[in-house]
Amino acid sequence: MTHIEEIGGEILDASAIILGSEEDQAVTYWYEGICPYSGELLRLPRTLQVEAIAQNLMQELKHSYPENAEGKMYGVLLAKSSTGKRLVLKAFSGLLNGQSDREGWVPPIAGREKVAIEESITLSKLATIKQELIELSEIPEQLQYNSQSQEYEAQFQALSDRHQVSKQERQVKRSQLLAALTGKELEIALKDLDRESQQEKMARRDFKRDRDQVLLPLREIITLADSKMQILKQQRRELSRTLQTQLHNAYVLTNFAGETRSLRELITEGAMPTGMGDCCAPKLLHYAATHNLIPLAMVEFWWGSPSLDGYKIQGEFYGACVERCQPLMGFLLSGRRSPPAPLKKGGEELFKGDLGESLPIVYEDEHLIAIAKPPELLSIPGRYLDTQDSVLSRLRQSFGADVSIYPVHRLDRQTSGILLFARDLESLRSLSEQFQKREIHKIYEALISGKIERQQGTIDLPLWGNPENRPYQQVDLLRGKPSVTKFRLLGQVGNYSRMEFIPLTGRTHQLRVHSADSQGLGIPILGDRLYGCLAVTSRLHLHARELTFRHPRSQECIHLQIPVPF
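Calculation rules
- Residues numbered from 1 in each chain as written.
- Predicted model: local features only at pLDDT ≥ 70, side-chain atom pairs only at ≥ 80, totals over all residues.
- Heavy atoms only, no water.
- Helix = DSSP H or I, 4+ residues; strand = E, 2+ residues; numbered from the N terminus.
- Buried < 20%, exposed > 50% of the residue type's maximum accessible area, 1.4 Å probe, protein only.
- Contact = heavy atoms within 4.5 Å.
- Areas by Shrake-Rupley, 256 points an atom, 1.4 Å probe, with all protein chains shown as cover.
- Axes fitted to C-alpha atoms, helices over the stretch in contact; angles between N-to-C directions.
- Parallel < 35°, antiparallel > 145°, perpendicular 65-115°, else oblique.
- Nonpolar A, V, L, I, M, F, W, Y, C, P; charged D, E, K, R; others polar.
- Core = buried A, V, L, I, M, F, W, Y, C linked by side-chain atoms within 4.5 Å.
- Phe/Tyr/Trp six-rings, centres within 6.5 Å; stacked < 30°, edge-to-face > 60°.
- Salt bridge = Lys/Arg side-chain N within 4 Å of Asp/Glu carboxyl O.
- Arc of directions from axis to C-beta.
- Polar contact = N/O pair within 3.5 Å; in protein donor to acceptor, adjacent residues only side chain to side chain.
- Pairing = 2+ DSSP bridges.

When helices and strands are tallied, the chain shows eleven helices and 23 strands. Of all 566 residues assigned to the chain, the portion counted as buried reaches 44%. Counting contacts in the chain only where the partners sit at least 6 residues apart, residues at least 24 apart contribute 66% of the total. Counting every atom, the chain has about 30,000 Å² of accessible surface; 50% of that belongs to carbon and sulfur.

On to the packing of helix α6 (residues 280-290) against helix α7 (residues 326-333), then. Where α6 meets α7, the axes come as close as 10 Å, and the angle between the chain directions of the two elements is 10°. As judged from the angle between their axes, α6 and α7 are roughly parallel. Contacts between α6 and α7 involve A281, P282, L285 and H286 on the former and, on the latter, L328, M329, L332 and L333. In the contact of α6 with α7, the residues fall into seven nonpolar, one polar and no charged.

A few words now on unusual backbone geometry. The backbone of E376 shows a phi angle near 65°, a positive value even though the residue is not glycine. Looking at the element boundaries, E376 is found in the loop between β13 (368-373) and α9 (391-399). Accessibility expressed as a relative area gives 35% for E376, which makes it partly exposed.

Here we come to the nonpolar core. Residues L77, L89, L285, M298 and M329 are the most contacted members of the largest nonpolar core, which totals 35 residues. With six residues, the single largest contributor to this core is α6. Those residues in contact with L77 that lie beyond four places of it in its chain are L44, L87, V88, L89, L284, L285, A288, P295, A297 and M298. If you look at the next biggest cluster of nonpolar residues, it comprises 34 residues, including L377, L395, I448 and A516.

Let us look at the packing of aromatic side chains. The tally for this structure, following the rule as stated, stands at seven aromatic pairs. Where Y74 meets F301, the ring centres are 5.7 Å apart and the plane angle is 15°; that geometry is what we call stacked. Within this pair, whereas Y74 is found in strand β4 (residues 72-80), its partner F301 is found in strand β8 (residues 294-303), the two being separated by 227 residues in sequence. With a relative accessible area of 3%, Y74 lands in the buried category. Note on Y152 and F207: the rings are 5.9 Å apart at their centroids and 80° apart in plane angle, and the pair reads as edge-to-face. One end of the pair, Y152, is in helix α3 (residues 140-180); the other, F207, is in helix α4 (residues 183-250), with 55 residues separating them in the sequence. Side by side, Y152 and F207 carry an identical accessibility label, which is buried.

This part takes up the pattern of salt bridges. In this structure the tally under the stated criterion is 27 salt bridges. Where K90 meets E60, a salt bridge forms, and the shortest distance between an N and an O atom there is 3.6 Å. Of this pair, K90 sits in strand β5 (residues 86-92) while E60 is found in helix α1 (residues 48-64), placing the two residues 30 residues apart along the sequence. A relative accessible area of 4% means that K90 is categorised as buried. What emerges from the salt-bridge pattern is a single network uniting E445, R488, R498, E500, R545 and E546.

Attention now moves to α9. Along α9, the residues classified as buried are V391, L392, R394 and L395. Taken around the axis of α9, the buried residues stretch over an arc of 165°, which confines them to a single face.

This paragraph deals with the side chain of T485. Mapping T485 onto the fold places it in strand β20 (residues 484-493). Within the structure, the side chain of T485 is placed 2.8 Å from the side chain of Q510, a separation counted as a polar contact. A distance of 2.8 Å separates the side chain of T485 from the side chain of H514, its partner in a polar contact. Apart from residues no more than four positions distant in its own chain, T485 is found in contact with G457, T458, I459, F501, I502, P503, Q510, L511 and H514.

Side chains on a regular strand alternate between the two faces of the sheet. Here strand β3 (residues 41-47) lies mainly inside the structure; five of its seven residues are buried. Here strand β2 (residues 27-34) pairs with β3 via seven bridges, running antiparallel. From the neighbouring strand, Y31 faces β3, where its bridge partner is L44.

When you line up the elements, T415 lands in the loop between β14 (406-407) and β15 (416-422). Look past the residues within four positions of T415 in its chain and what remains in contact with it is K373, P374, P375, Y444, L540, L542, H543 and A544.

Next up, the structure:
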């Protein structure tokens, strides 16, 4: 099997991998899916061991492909053969240098060859349509119309300006005539002024007539070309939709129970996104299932230029994509049986039966509970299956579904620190009102990725989140919401600066943008890749250190503080 390498092969350096150690098996992420037949949650881990293998593959890619190569997702699957030998499979999403099948990589999922002729014909038609659209969008009449319409507009504006001056002169002259003349002389003089006005109106009318005689024929040709383009675009959409349907019917996936299903059978509702079935995770799992391999761990990472939305960065690990991979995971993992295991990160268990050990309790009474949130854990569950793990879901799991717990505020996933929850609605309303009135005092501590001379100050920069580029926030003086942060330099740590931040407002990513933006501190927080930090670090160095508020029932002042972990 040429697409498989044994651990210790030439490309993946086994010296960097310690097989079988306890730390090596630490889980950093779970690929999950609901079995479509049993409803059971099926899971495949991403471990430190498979991440180390992926790091070696990154080094190979670094030397094999241009630095600014097209960005795409790559995947590695650590598997075991029927004889117990450990093997490594690697795959890429889509095409690599224009090819879908390359030696040493897991091949594309079978099925596309069944519609190869239809695909070739459709792609040829689409290429023809593309060329016709280009030609229609570049017809000479369009350029001629744009040039001449601008010229006519300038000429008409000049004519109107001259007439406006003449009109003002006539108004002055009319006042002078009314003061100097009477009777027949006045009547004749006023008629001469009216005649001048009429002549100017006729001149403007004649100008518009001459202009329309030139521009209207061009406009008709352009309108006809636009109509043809709309028809061609509709044909292109229908051809693409038909081709996608053929491909989805042809792509056949196999799971570890030996069952086969087409993409169309697996995704019965809604439109399937383009490229479904070409991602590296389905390729790896399908290949393992069809070659009688037992998957042990999998990892996906981005390599090459950043993704168009800016969210995926070279060298970073990512979970299963929500649109293309997540809907297939349940079926692909069916037939693979593995015991449930606690989620781990870096050898430390993040979820245990004892809540006090897994999520340290900073404060607790019958109305409130405050938790020391670790980095890389959501405050509340997300929308999708792979974003369900959170502080709130762990609290509910520990306390039981019948115990009420309400989040009062949130911290960014990458931010650690004090996170407050209410245990009844009345307490929630009281604390929410304190947040709205800015009566709750928060203090953050951070390391910023450079040296700063300013000792303290206030940053007042309104923030706006572009709905087409979430979750990225930016300074926008027109559309932004008021955002104010006080800061104080605590000291220097090598080439970094330790800062204290006090947010007076609570905007998304407020401290991160105020630190990174050139109008703020101009230096991103250490580890903040989203806002321009290039340093390689294990986390975002931002920590919610202190929280001060009025107890919702006793009204006494509660001041919470936890150590800074960096």
